[in-house]
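If you want the building blocks of each chain, they are given just below.
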There are 2 protein chains.
Amino acid sequence: MDYTLFFEDAVRALKDEKRYRVFADLERVAGRFPRALWRRGDETQEIVVWCSNDYLGMGQHPKVISAMTETAQRMGAGAGGTRNISGTNHPLVQLENELADLHQKEAALIFTSGYVSNEAAISTIAKLLPDCLILSDQLNHASMIHGVRSSGVSKQVWRHNDLAHLEDLLKAAGRERAKLIVFESVYSMDGDVAPIERIADLADKYNAYTYIDEVHAVGMYGARGAGICERDGVMDRIDVIEGTLAKGFGVMGGYITGTSALVDAVRSYAPGFIFTTALPPGLCAAATASIRHLKESTAEREAHQRQSARTKAVLLAAGLPVMPSETHIVPLLVGNPDLCKKASDILLEKHGIYIQPINYPTVPRGTERLRITPTPYHDDSLVEHLANALVDVWETLELPLNTPQPIEDDGVVIRRQIFRAAGG
Amino acid sequence: MDYTLFFEDAVRALKDEKRYRVFADLERVAGRFPRALWRRGDETQEIVVWCSNDYLGMGQHPKVISAMTETAQRMGAGAGGTRNISGTNHPLVQLENELADLHQKEAALIFTSGYVSNEAAISTIAKLLPDCLILSDQLNHASMIHGVRSSGVSKQVWRHNDLAHLEDLLKAAGRERAKLIVFESVYSMDGDVAPIERIADLADKYNAYTYIDEVHAVGMYGARGAGICERDGVMDRIDVIEGTLAKGFGVMGGYITGTSALVDAVRSYAPGFIFTTALPPGLCAAATASIRHLKESTAEREAHQRQSARTKAVLLAAGLPVMPSETHIVPLLVGNPDLCKKASDILLEKHGIYIQPINYPTVPRGTERLRITPTPYHDDSLVEHLANALVDVWETLELPLNTPQPIEDDGVVIRRQIFRAAGG
């Protein structure tokens, strides 16, 4: 048998389905975010990134960069070992304290990524509880599904954000059985939010343990940036809050927070935590600087919400198919992987706008989309430029446009409105 | 039911078995490696780290640190997204090219850690091959076992480095069935080495695909630091070479190298790769600087081997139970988790020497040990200090000492030899 053929076939299947991923080679420029350089062979072109998960631009914040560089200069580039074998560095200990404080929990534990934190923590918690039943929201992230599978325990999937369905499953399992409810606060592809308080009510009623993924919310919601649980005043009602250092905080790494007993158990039993090199001191110091800044400063959160709302309004005004979203995420429906890829290509090549196509398996087939993430640094003129470019793409690809909707602020001129006025 | 009780019980079980892990809070000092500051509450004490996996001290190399800080200043602290969604940064592309060149393979793929690279790559490769059988060395690392389990395919474990057993299993499976042989080059707890060439011969004979973990060898063996496969002249005979950026190279992250078809398939199908934020540009640039330096410079490798050999010789001369090791790793048998922890505590508190106890599940019960990793920066006087301290610990704990063995170089004075001579 020829092994290479199988690998080639697997890749060809993706190409046939038009969902083969090509990675854009980018060079971000600190101080110029969201602008970046796009490299193709020897050519370099300046583009505007509209799909970054560095939601607040904290990856380029001077405090964050200088914490990283100053610490790396003082302590070196790496941690030098696993947490247990010489890798626990003082900035990492400080970061864990900072995160426990942020979420008002007894303790925190850092992982190398949000993916690993979900996989390792969910599987370990479920294994430690006798005869545990996991109740998992239907739209949970791949990392959470991986954790559920790794645990090997029984699981039931509740329909997305459907409280009645969740209650049915809880009731059927009974109060005495160990039950772990796993869900997200912000679902990142649709931008909708879980009814956290009512899930916590159900957990109390049926005595379930609760685990929430706040990776698309930390830094961005709540008075100190602790996420949707903080905004909704329910941080103390969720047992485990998981988050990331890579999105709102702009660096890298993932974490959980909870009681000391919970954190100590995961720390002691999770292979994905135990057998991996610790986060470098420079990264930890950078993350701590970012968290501390966002605990005090609300300017980034306010500008983020303002520019997200403005982007939605301007795109809707242009008749573009903005999907309903309660948060900073602006999904634009295309509904076909090939057209989604083409739209992305035209945006990049013709308009210098980088928005990656989002295809299956990240979203269900038929809901392929452009997922736009405005940041505080996407100013009004960039929003206008985006809207004009998108209308051009929609017209080029003959994608359906809605009747333009009125926008309250009339300072924005959308090319399509001009075009229609002129043409019709 | 009280969830907290289960977590407390789980931790108590580890304490009862004397294998509860306490992490030392360390602050490494660039330029002073292997010295570090050990923090306990408000107190800080200078200690010597003797168990670091920063095997060559590259984490503090000026080229590595300046690549990290210069790049972070220019491009920011984080990558800002997954590889597919705006996270592919130019230093990451350069690092993948560098790694493909290092191992003389067509392509390379970076993961957030060595753990993730093994888990994600092994599980994905095995899933993509029809009816695949994994043949896994008995002493493979936790991350490889995790990958084997995640794949869900059938597996058979061959006795550690036992070629006859491996051949029996290959023969039984037959030439036609897809077979993936997964093994390590250097087994990090014993320091022994796999018979790579003969495994490759068997793979050819029975048409199996081969996957080797070189994490404890890259940077340290071979003319350009590509590992044991390079040293043994068999890089082209192994299909997938996996490595880490966190140990010999001193930074963080993991990778695989192989054919373009293989790398493209893993890139396109592995959830642990797809759904995670890319490595920050500063880390990538630091790793590239480290790899490039070690491709040219052999001074670190020579000093590393010299000081490892010296450490073994000096400890054997003192009658300490050095376990057989073919590599830079110096395991010292204790054989009991409680005494192993006590030995480590006395070394740290009395002698300022930090060597973490290695207990189950990292090693089999009854083989608990101190695992010593000399680096080029552990000079002769530090080796002598270590030997004297260990003899003191062995005597304090009434652990068995062998008859002191002669050492060729008589410049070393071991306290025990003095003590025995004086005492009669």
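K.L.:
How do you make sense of the packing of aromatic side chains when you look at a structure like this?
P.N.:
Two aromatic rings are characterised by how far apart their centres lie and by the angle between their planes. Tallied over the full model, the rule gives twelve aromatic pairs over all chains. A centroid spacing of 5.7 Å and a plane angle of 70 degrees characterise the contact between phenylalanine 111 of chain A and phenylalanine 273 of chain A, whose relative ring orientation is edge-to-face. Within this pair, whereas phenylalanine 111 of chain A is found in strand 4 (residues 107–111), its partner phenylalanine 273 of chain A is found in helix 11 (residues 271–274), the two being separated by 162 residues in sequence. Across the pair, phenylalanine 273 of chain A and phenylalanine 111 of chain A agree in class, each one buried. Through successive ring pairs, a cluster of aromatic residues spans Tyr3 and Phe7 of chain A together with Tyr209 of chain B. The ring of phenylalanine 23 of chain B has arginine 267 of chain A sitting right over it, with the charged end atom 4.5 Å from the ring centre.

K.L.:
Just to check I follow, could you spell out the confidence of the model for chain A for this structure?
P.N.:
Per-residue confidence for chain A gives a mean pLDDT of 94; residues scoring 70 or more make up 95%. For this predicted complex, the interface confidence score (ipTM) comes to 0.94, while the overall pTM stands at 0.94.

K.L.:
When you look at the sheet that holds strand 7 (residues 179–184) of chain A in this model, what are you seeing that I'm missing?
P.N.:
One key point about sheets: their strands pair by backbone hydrogen bonds, in either a parallel or an antiparallel sense. All names here are of chain A. What the seven strands build is an open sheet, ordered 4-10-9-8-7-5-6; its pairing is mixed. In this open sheet, the two edge strands, each paired with only one partner strand, are strand 4 and strand 6 (154–158). Here the average twist between neighbouring strands, direction ignored, is 20 degrees. The pairing of strand 8 (residues 209–213) with strand 9 (residues 240–244) spans three bridges and is parallel. Pairing of isoleucine 212 across the sheet is with isoleucine 241, part of strand 9. Running over the sheet, helix 7 (residues 163–173) touches strand 5 (133–137), strand 6 and strand 7 and is turned about 155 degrees from strand 6.

K.L.:
What's the story with the relation of the copies chain A and chain B in this structure? I'm lost.
P.N.:
The operation linking the two copies of the chain is a rotation about an axis combined with a translation along the axis. Structural alignment of chain A on chain B gives an RMSD of 0.0 Å, achieved by rotating through 180 degrees and translating 0.0 Å along the axis. What the rotation and shift describe, once combined, is the action of a two-fold rotation axis. Within chain A, the C-alpha atom positioned nearest to the axis of rotation is that of threonine 69 of chain A, 2.4 Å from it. Here 100% of the contact residues of chain A are again contact residues in chain B; the copies associate through an equivalent surface.

K.L.:
Quick question: what am I supposed to make of unusual backbone geometry here?
P.N.:
Trans is the prevailing form of peptide bonds, just as negative phi is the prevailing case for residues other than glycine. A cis amide bond links phenylalanine 33 of chain A to the next residue, proline 34 of chain A, at an omega of 10 degrees. Tracing the chain through its elements places proline 34 of chain A in the loop between strand 1 (25–28) and strand 2 (35–40). A cis amide bond, omega 5 degrees, links tyrosine 360 of chain A with the succeeding residue proline 361 of chain A. Tracing the sequence through the fold places proline 361 of chain A in the loop between strand 13 (357–358) and strand 14 (369–372). For serine 86 of chain A, which is not a glycine, the phi torsion comes out positive at approximately 75 degrees. If you trace the backbone, serine 86 of chain A turns up in helix 3 (residues 83–87). Since its relative accessible area comes to 4%, serine 86 of chain A is described here as buried. At glutamine 104 of chain B, a residue that is not glycine, the phi angle is positive and equals roughly 55 degrees. Positionally, glutamine 104 of chain B belongs in the loop between helix 4 (90–103) and strand 4 (107–111).

K.L.:
How do you make sense of the side chain of lysine 179 of chain B when you look at a structure like this?
P.N.:
Tracing the sequence through the fold places lysine 179 of chain B in strand 7 (residues 179–184). Buried within the structure, lysine 179 of chain B lacks any salt-bridge partner; its nearest side chain of opposite charge belongs to glutamate 176 of chain B, at an N-O separation of 7.6 Å. Within polar-contact distance, the side chain of lysine 179 of chain B engages the backbone oxygen of tyrosine 206 of chain B at 3.0 Å. Setting aside residues no more than four positions away along its own chain, lysine 179 of chain B makes contact with Tyr3 of chain A together with Leu133, Leu170, Ala173, Gly174, Tyr206, Asn207, Ala208 and Tyr209 of chain B.

K.L.:
Just checking my understanding: could you explain the sheet that holds strand 11 (residues 330–333) of chain A for this structure?
P.N.:
All names here are of chain A. Pairing in this open sheet of three strands is antiparallel, and the strands run 11-14-13 from one edge to the other. Only two strands of the sheet have a single neighbouring strand rather than two, namely strand 11 and strand 13. Here strand 13 pairs with strand 14 via two bridges, running antiparallel. Note on strand 14: the bridge partner recorded for isoleucine 358 is arginine 369. The sheet strands contacting helix 13 (residues 299–317) are strand 11 and strand 14, and the helix crosses strand 11 at an angle near 20 degrees. Taken strand by strand, helix 14 (residues 337–351) contacts strand 13 and strand 14, and its axis lies near 45 degrees from that of strand 14.

K.L.:
Please clarify how the interface of chain A and chain B should be interpreted in this entry.
P.N.:
Bring the parts together and some accessible area is lost; that lost area is often taken as the interface size. Taken together, the contact pairs 98 residues of chain A with 98 residues of chain B. Where chain A abuts chain B, roughly 8,500 Å² becomes buried across the two surfaces, and 62% of that area is made up of carbon and sulfur atoms. Three residues, Tyr3, Phe7 and Phe23 of chain A, lead the burial of chain A against chain B; their summed loss comes to 10% of the area buried on that side. Inspection of the region where chain A meets chain B yields two salt bridges. Across the pair arginine 74 of chain B and glutamate 27 of chain A runs a salt bridge whose closest N-O atoms are separated by 3.3 Å. A per-element tally of the side of chain A that touches chain B places helix 1 (residues 3–16) of chain A first, with nine residues.

K.L.:
Whenever I open this one, the pairing of strand 3 (residues 43–49) of chain B confuses me. Can you help?
P.N.:
Side-chain direction in a regular strand flips from residue to residue, so the side chains alternate between the two faces of the sheet. All names here are of chain B. One ladder, built from six bridges, connects strand 2 (residues 35–40) with strand 3; its direction is antiparallel. When the sheet's bridge partners are listed, arginine 40 is paired in strand 3 with glutamate 43. The antiparallel pairing of strand 2 with strand 3 creates a hairpin that spans two residues between the two strands, and glycine 41 there sits at a positive phi of about 60 degrees.

K.L.:
Would you mind showing me how to read helix 4 (residues 90–102) of chain A here?
P.N.:
Because an α-helix completes one turn every 3.6 residues, residues spaced three or four positions apart along the sequence face the same direction. All names here are of chain A. The end-to-end C-alpha distance of helix 4, which contains 13 residues, comes to 18 Å, matching closely the 18 Å that a straight helix rising 1.5 Å per residue would cover. All of the buried residues in helix 4 are His90, Pro91, Leu92, Leu95, Glu96, Glu98, Leu99, Ala100 and Leu102. Trailing helix 4 by a residue or two, glutamine 104 shows a phi angle of about 55 degrees, which is positive.

K.L.:
Teacher, can you tell me more about the side chain of arginine 83 of chain B here?
P.N.:
Relative to the elements of secondary structure, arginine 83 of chain B occurs in helix 3 (residues 83–87). Arginine 83 of chain B sits in the buried class, given a relative accessible area of 6%. Of the polar contacts made by the side chain of arginine 83 of chain B, one reaches the side chain of glutamate 96 of chain B; its length is 2.9 Å. Apart from the residues within four sequence positions on either side, arginine 83 of chain B is in contact with Phe23 of chain A together with Thr88, Leu92, Glu96, Ile110, Phe273, Thr276 and Ala278 of chain B.

K.L.:
What exactly am I supposed to notice about the environment of arginine 310 of chain A here?
P.N.:
Residue and element names in this part refer to chain A. Residue position: arginine 310 is located in helix 13. By relative accessible area, which is 15% here, arginine 310 ends up buried. Counting along the chain gives 69 residues from arginine 310 to aspartate 379, while the straight-line C-alpha distance between them is 9.6 Å.

So, how was this worked out
- Residues numbered from 1 in each chain as written.
- Chains lettered and ligands numbered in written order.
- Predicted model: local features only at pLDDT ≥ 70, side-chain atom pairs only at ≥ 80, totals over all residues.
- Heavy atoms only, no water.
- Phe/Tyr/Trp six-rings, centres within 6.5 Å; stacked < 30°, edge-to-face > 60°.
- Helix = DSSP H or I, 4+ residues; strand = E, 2+ residues; numbered from the N terminus.
- Buried < 20%, exposed > 50% of the residue type's maximum accessible area, 1.4 Å probe, protein only.
- Lys NZ or Arg CZ within 6 Å of the ring centre and 35° of its normal.
- pLDDT = per-residue confidence, 0-100.
- Pairing = 2+ DSSP bridges.
- Axes fitted to C-alpha atoms, helices over the stretch in contact; angles between N-to-C directions.
- Contact = heavy atoms within 4.5 Å.
- Least-squares fit on C-alpha atoms with pLDDT ≥ 70 in both.
- Lys, Arg positive; Asp, Glu negative; His and termini not counted.
- Salt bridge = Lys/Arg side-chain N within 4 Å of Asp/Glu carboxyl O.
- Polar contact = N/O pair within 3.5 Å; in protein donor to acceptor, adjacent residues only side chain to side chain.
- Buried area = accessible area lost by both parts, 1.4 Å probe.
- Expected span 1.5 Å × (residues − 1).

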